[in-house]
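Chain by chain, the residues run as shown.
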Amino acid sequence: MNAVAVERHRAACAAMATRFELVLEGGPRAALVSAAEAAIEAIEACAARWTRFERGGLPARIARTAPPQMLQLDADDMELLALALDAHAATAGAFDPSLGRGFDVELGAYARTLAVRRAGVSLDFGGIAKGHALELAARVLREHGVESAFLHGGTSSALAFGPRAWRVQVGAGGPYIELQRRALSVSAQRGRAHVLDPRSAAAVAHEATAVALHADARVAEAWSTALLVAGPSLAERALPAALELHWLPAPIPA
Amino acid sequence: MNPTARREFLVASAATVGAFALSSELDPLAALPRRAAPLEVGLVGCGRQGRAILAELSKMKDVAVVALADPIESRAQAAARRAAGARTYKGHAELLAGEKSLAAVFVATPTHLHRAPAVDALAAGKHVWCESPLASTADDARAIAAAARAASVVGAVGMQGRSNPIYSLARSFHKAGALRELASLRAQAHKKTSWRFQPAQGESDAAANWRLDPAVSLGLEGEWFCQQADVYHWYLNEYPTRVRGAGSVRLHKDGRTIADSVALELEFASGLHLAWSGTLANSYEGTYESLCGEMATLRLAWNAGWMFKEADSPTQGWEVYANREQFHDEQGITLIADATKLAAQNKLKEGIGLPEPPLYYTLADFVAAIGAGKPPACGIEEGLRAALVAQACHRAVTTGEAVALDPEAFKR
């Protein structure tokens, strides 16, 4: 008996200075195409919203805000900022969008507002925004009825949903991981020290690869960033439920 | 929560949260005094554009979206999640009947379904903002314009160029003679996308993909070019007298007949020609309009703009401090809407781009027009003219024949 070929559609876009790729399975093909386009729109909108390089981005708007002004946020903004604040606290500052300058914001959950404790709060969500884009894109795909998909942003953050397990290799020559209904994030430093420890404002000296797996791509991305900064001792802290951390002391080529 | 209680809650909320941070220099709402109660508005059409409108309205102080109408229940409910507490209705008639205190209605239905909600809302004394293009037929567009003339309310069409702070700045350069004699006009809208959307639950494929239905759709000429045509109407203060066009399906060969790639040429009485390219097959250089003049070229790309000066163009004093960007072997002066203030603060680079998407400014301009009792940046009459041009372009593409436009049609 011939196996029924599963319809598969690949789509890609350039955003956040990297390449996002989506692989959708199921069918029919026309539905996969329109779902992928809607997901790409979500990724592009997320990139425009969270970039720190554009005036219309939320980081720039936060930087322009001074007490007692507040920013009105939407539900997606609130979700990301709440997760970022949680990760900042849980990692004791190893994950820090302010890069040590002070993550001085407060969220008003009921009215969806953001207040700053001082003027000129400078934030860089590069350590979590790709995960956020993947989560938003996955949500759009599910809303479009897509049952199985694999998404990645610049190969350092990936997310899979649906029944299928996707075999993913960490770097070139690194371990393989079965990714099923969860997200993977990899942070690495090799060669020149380019990663900043926000707790000390000093460059991270070690070469390593940090891997985090979690159901939420944003949590995985924040914790892989923190793990690379703080080292394997981070795993001794209270971790979010179902978070899996792997520390690879040898840097793996990308 | 009953309507009165909700209104009280919103007033209380506004008092609690204090000042909202917007870039007040560019925000048309910043100059308005706080309202005692929020402006209650409704949205008709909760599809993709409707949801984008809701996202922008949610940023505005003193605006409360209290009612939503869409025949598709799942879409209305999805929109209601973005406008907490808003009541949902099956259609605009029910919304107008159930919301007597509503001040304004935003119409974001498919283009060929603008007429009924716009005309009925205007007749009910509501201020109306209608998505571009105004309508897919001349009859519909004229009916909406007639209803607007008969009503003493603010009627606006969402032509985003006219309320865009960068476009206003660029136009002021043009009007001041920075370009001198215009020689060439060129614009494009390129985006690689299928234009095919998955129906919402309970929605037919035909309803979801009305843009691909030749019986009702104006194609790329209506859905994309209309906005750009209006930019040229505004800058040139004239309308085309003749249009030619051609289109074909280059990429999306899925049975559609609406062209996915279109070329237009518009001729103006002044002798200027505008060349436009639109495609769903390629994304290179996205969407922009350019005006090439004897002394400089303006290139406008909705959330950014640049001026490229000719070598023999006189240098102005402010250019010394201007931000410049390199485009291959050309250097463009970045158009920054509030440059003088930012330069004084040594923050010129922070002013690149727009603090909000262009859609925000057209919506905010409408809300500000209601508050200030002044005409909007793009009224219904101007929207009618742009719609007539888009319809002529679509006719040129579908027939392959040049279409003459009667200048009398633009007079009023």
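Residues numbered from 1 in each chain as written. Chains lettered and ligands numbered in written order. Predicted model: local features only at pLDDT ≥ 70, side-chain atom pairs only at ≥ 80, totals over all residues. Heavy atoms only, no water.

Q: Help me understand the overall build of chain B in this model?
A: Within chain B, the secondary structure is distributed over twelve helices and 16 strands. A globule of 412 residues ought to have a C-alpha radius of gyration of about 22 Å, and chain B, at 22 Å, matches this closely. C-alpha atoms of chain B, sized along the principal axes, occupy 65 × 55 × 40 Å. Across the 412 residues that make up chain B, the buried fraction comes to 55%. As presented, chain B carries roughly 17100 Å² of accessible surface, and 52% of it is formed by carbon and sulfur atoms. (Helix = DSSP H or I, 4+ residues; strand = E, 2+ residues; numbered from the N terminus. Rg over C-alpha atoms; globule rule 2.2 N^0.38 Å. Buried < 20%, exposed > 50% of the residue type's maximum accessible area, 1.4 Å probe, protein only. Areas by Shrake-Rupley, 256 points an atom, 1.4 Å probe, with all protein chains shown as cover.)

Q: Can you walk me through the domain arrangement of chain B in this structure?
A: Frequently, the measure chosen for interface size is the accessible area removed from exposure when the parts meet. Residues and elements named next belong to chain B. Split by domain assignment, chain B resolves into domain 1 (3-16 + 24-161 + 361-379) and domain 2 (166-356 + 388-410). The C-alpha-based centres of domain 1 and domain 2 are spaced at 26 Å. Contacts between the two partners involve 25 residues from domain 1, matched on the other side by 25 residues from domain 2. Summed over both sides, the interface between domain 1 and domain 2 buries roughly 2100 Å², with carbon and sulfur atoms accounting for 59% of that surface. The largest contributions to the domain 1 side of the interface with domain 2 come from Leu26, Gly161 and Tyr361, which together make up 24% of the buried area. With a shortest N-O distance of 2.7 Å, Arg75 and Glu203 are connected by a salt bridge. (Domains from an automatic or database assignment. Contact = heavy atoms within 4.5 Å. Buried area = accessible area lost by both parts, 1.4 Å probe. Salt bridge = Lys/Arg side-chain N within 4 Å of Asp/Glu carboxyl O.)

Q: Honestly, the nonpolar core in this entry has me stumped. Any pointers?
A: Across soluble globular proteins, you tend to see nonpolar side chains buried next to one another. All names here are of chain B. The biggest cluster of nonpolar side chains holds 115 residues, and the ones touching the most others in it are Phe106 and Leu291. Ranked by residue count, the leading element in this core is helix H12 (residues 380-399), at eleven residues. Composition of this core by domain shows at least three residues from each of domain 1 (3-16 + 24-161 + 361-379) and domain 2 (166-356 + 388-410). Dropping the residues within four chain positions of it, Phe106 is found in contact with Val41, Gly42, Leu43, Val44, Ile53, Leu57, Trp129, Leu363, Phe366 and Val367. (Core = buried A, V, L, I, M, F, W, Y, C linked by side-chain atoms within 4.5 Å.)

Q: What should I look at first to understand the sheet that holds strand S1 (residues 39-44) of chain B in this one?
A: Remark on secondary structure: sheet strands pair via backbone hydrogen bonds, oriented parallel or antiparallel. Residue and element names in this part refer to chain B. The six strands lie next to each other as S3-S2-S1-S4-S5-S6, forming an open sheet whose pairing is parallel. Strand pairing shows two members of the sheet lacking a second neighbour, strand S3 (87-89) and strand S6 (155-157), which therefore form its edges. Across the sheet, the mean angle from the axis of one strand to that of its neighbour is 20°, orientation sign disregarded. Alignment of S1 against strand S4 (residues 104-107), held across four bridges, turns out to be parallel. What sits directly across from Gly42, in S4, is Val105. (Pairing = 2+ DSSP bridges. Axes fitted to C-alpha atoms, helices over the stretch in contact; angles between N-to-C directions.)

Q: Before we go on, may I ask you to explain the packing of aromatic side chains in this structure?
A: Applying the stated rule across the entire model yields 13 aromatic pairs over all chains. With centroids separated by 4.9 Å and ring planes inclined at 70°, the aromatic side chains of Trp50 of chain A and Phe125 of chain A adopt a geometry described as edge-to-face. Of the two residues, Trp50 of chain A sits in helix H1 (residues 29-50) while Phe125 of chain A sits in the loop between strand S5 (113-116) and helix H4 (129-143), which places them 75 residues apart along the sequence. Both residues of the pair, Trp50 of chain A and Phe125 of chain A, belong to the buried class. Seen from their ring centres, Tyr360 of chain B and Tyr361 of chain B are 5.4 Å apart, and the 85° between their planes marks the pair as edge-to-face. (Phe/Tyr/Trp six-rings, centres within 6.5 Å; stacked < 30°, edge-to-face > 60°.)

Q: Quick question: what am I supposed to make of H4 of chain A here?
A: Residue and element names in this part refer to chain A. Between its first and last C-alpha atoms H4 spans 21 Å; for 15 residues at 1.5 Å apiece the expected length is 21 Å, and the two agree. Taken across its 15 residues, H4 has twelve buried, putting it largely inside the fold. Among all positions of H4, only Ala129, Lys130, Gly131, His132, Ala133, Leu134, Glu135, Leu136, Ala137, Ala138, Val140 and Leu141 are buried. The inward-facing, buried residues of H4 contact strand S2 (18-26), H1, helix H3 (75-90), strand S6 (148-153), strand S7 (157-161) and helix H5 (217-230). Looking at the residues trailing H4, positive phi occurs at Gly145, about 85°. (Expected span 1.5 Å × (residues − 1).)

Q: Help me out: how do you make sense of the pairing of S7 of chain A in this one?
A: Residue and element names in this part refer to chain A. Within S7, five of the five residues are buried, which leaves the element mostly enclosed by the surrounding structure. The alternating pattern of S7 places Ser157, Leu159 and Phe161 on one face and Ala158 and Ala160 on the opposite face, and all of these are buried. Note: S6 against S7, five bridges, orientation antiparallel. Within S7, the position partnered with Gly153 by the bridge is Ser157. Summarising the sheet, S7 and strand S10 (residues 182-189) pair through four bridges and their orientation is antiparallel. Opposite Ser157, over in S10, you have Ser185 as the bridge partner.

Q: Would you mind showing me how to read the sheet that holds strand S14 (residues 244-248) of chain A here?
A: Residues and elements named next belong to chain A. If you walk across this open sheet you meet the seven strands as S1-S2-S6-S7-S10-S13-S14, and the pairing is antiparallel. On the outer flanks of this sheet lie strand S1 (7-15) and S14, each paired with one strand and no other. Neighbour to neighbour, the strand axes of the sheet diverge by 10° on average, direction disregarded. As judged from the seven bridges shared by S10 and strand S13 (residues 208-214), these two strands associate in the antiparallel manner. From the neighbouring strand, Ser185 faces S13, where its bridge partner is Ala212. Sitting on the sheet, H4 touches S2, S6 and S7, and the angle it makes with S7 is about 20°. Across the sheet, H5 lies against S7, S10, S13 and S14, angled at about 25° from S10, the strand it touches most.

Q: How should the pattern of salt bridges be read in this particular structure?
A: Applying the stated criterion across every chain yields a total of 41 salt bridges over all chains. Between Arg196 of chain B and Asp254 of chain B there is a salt bridge, and its shortest N-O distance comes to 2.9 Å. A residue pair is termed long-range when its members are at least 10 positions apart, and Arg196 of chain B in the loop between strand S7 (182-190) and helix H8 (205-208) and Asp254 of chain B in the loop between strand S8 (240-248) and strand S9 (261-268) qualify at 58 residues. Connected through salt bridges with shared partners, the residues Asp76, Glu79, Arg139, Asp216 and Arg218 of chain A form a single ionic network.

Q: Can you help me understand the interface of chain A and chain B in this one?
A: Contacts between the two partners involve 22 residues from chain A and, on the opposite side, 28 residues from chain B. Among the residues chain A hides against chain B, the three largest losses belong to Glu37, Arg55 and Met70 of chain A. Together they make up 34% of the total. Two residues, Asp338 of chain B and Arg55 of chain A, come together in a salt bridge whose shortest N-O distance is 2.6 Å. For the pair chain A and chain B, the number of links is eight residue pairs in polar contact (both at pLDDT 80 or more). The biggest single contributor to the side of chain A that touches chain B is H1 of chain A, with six residues. Taken together, the residues of the side of chain A that touches chain B break down into eight nonpolar, eight polar and six charged. (Polar contact = N/O pair within 3.5 Å; in protein donor to acceptor, adjacent residues only side chain to side chain. Nonpolar A, V, L, I, M, F, W, Y, C, P; charged D, E, K, R; others polar.)

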